[in-house]
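The residues making up each chain are set out below.
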Amino acid sequence: MGCWRGPSTVLACLLLLRPLPSPACPAACRCSSGEADCSQHALREVPQSLSANTSTLWLGYNFITVLGPHSFPPLPGLLMLSLPHNRLELIHSQALVGLGALQELDLSNNYLTVLTPETFLPLTSLAMLNLGSNRLGELEPGVLHALPQLQALLLQDNPWVCSCGIRPLWHWLSHNSEKVQEKSLLLCRVPEQLNEYPIMAFGNESFRQCQETSLSTQQYIAFLIIGPFSFMVSIFYCTFMGSIIVVYHNLRRASRFRRRPRIGRGRRGRVTKL
């Protein structure tokens, strides 16, 4: 009854009776019950107006080539993230910060060539990772060790370089074969003589000639600095020594010339040494 005492009171009552607004949904997405489908909209970056209660995010078939630092808005309840067919080339080490609840990540059919362990460190709950059909030639050991809950891994259709650098990946696969899906499709691409050779068919003897090195970043930098410096010193030393040798030979030649006896004729026509 109190709502009819005046116009202002009526307006207040109407506002109270209005239904609560629905969670935010970007214009390029379709949202319903925690799921946001933003696929096939030619997106070049992750929409930032996603609802915080989003649990499933579809971003496939867009043009997201780079995931920079903090590419995602706060999504503490996100469980599944799908990013296939995006021409994705680079994932920054801080790109997935804030997605600690994520359990499934699909990065297949992209242009990824390098992944660092720091990239997946925030994903402490990740159970399924799809890296199939990218451009990965090697995989750093720490990338997979950073995923303690990983249960399913897909790596098929990558141009694996089967040299000594593939040994860490082979070692992990050998000890976690139950987690690897489609193992028969993990094939070497390089070198040519091992093209289409199954990575899982390698044994310890295959890497007998490989020597493990554990140089720190500082040591690598020292090598990069010392290398050109030592090269320049060697050039200077060779030039200096070459100059000394030339001067020495010139001095010896001049000395011999001064000491050489000259032949002439005496007053009576006899040959004499001067």
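For clarity, every value in this text was computed on a predicted model and none was experimentally measured.

1. Focus: the side chain of Ser82
Then, number 1: Within the secondary structure layout, Ser82 lies in strand E5 (residues 80-82).
Then, number 2: For Ser82, a relative accessible area of 5% corresponds to the buried category.
Then, number 3: Discounting residues that sit within four places of it in the chain, Ser82 has contacts with Leu57, Trp58, Leu59, Gly60 and Asp106.

2. Considerations on unusual backbone geometry
Note: most residues except glycine have negative phi, and most peptide bonds are trans.
Then, number 1: The amide bond that connects Val190 to the next residue, Pro191, takes the cis arrangement and shows omega of 0 degrees.
Then, number 2: The backbone of Tyr61 sits at a positive phi, close to 60 degrees, despite the residue not being glycine.
Then, number 3: Position of Tyr61 relative to the elements: it lies in the loop between strand E3 (56-58) and strand E4 (66-67).
Then, number 4: At His85, a position not held by glycine, the phi torsion is positive, near 55 degrees.
Then, number 5: Among the secondary structure elements, His85 is positioned in the loop between E5 and strand E6 (90-91).

3. Quick word on the environment of Gly34
Then, number 1: Turning to its location among the elements, Gly34 is positioned in the loop between strand E1 (30-32) and strand E2 (35-37).
Then, number 2: Put simply, Gly34 and Thr56 are 22 residues apart on the chain and 6.5 Å apart in space, counted from C-alpha to C-alpha.
Then, number 3: With residues up to four places along the chain from it excluded, the contact list for Gly34 reads Asn53, Thr54, Ser55 and Thr56.

4. Quick word on the sheet that holds strand E7 (residues 104-106)
Then, number 1: Taking strand neighbours across the sheet as the criterion, the eight strands line up as E1-E2-E3-E5-E7-E8-E9-E11 in an open arrangement whose pairing is mixed. On the outer flanks of this sheet lie E1 and strand E11 (180-181), each paired with one strand and no other.
Then, number 2: Relative to strand E8 (residues 128-130), E7 is paired through three bridges, and the arrangement is parallel. Bridge pairing in E8 places Glu104 opposite Met128.

5. Examining the side chain of Gln156
Then, number 1: Along the chain, Gln156 turns up in the loop between strand E9 (152-154) and strand E10 (160-161).
Then, number 2: In contact with Gln156, not counting residues within four places along its chain, are Asn130, Gly132, Ser133, Glu182, Leu185 and Leu186.

Reading the values: the criteria
- Residues numbered from 1 in each chain as written.
- Predicted model: local features only at pLDDT ≥ 70, side-chain atom pairs only at ≥ 80, totals over all residues.
- Heavy atoms only, no water.
- Helix = DSSP H or I, 4+ residues; strand = E, 2+ residues; numbered from the N terminus.
- Buried < 20%, exposed > 50% of the residue type's maximum accessible area, 1.4 Å probe, protein only.
- Contact = heavy atoms within 4.5 Å.
- Pairing = 2+ DSSP bridges.

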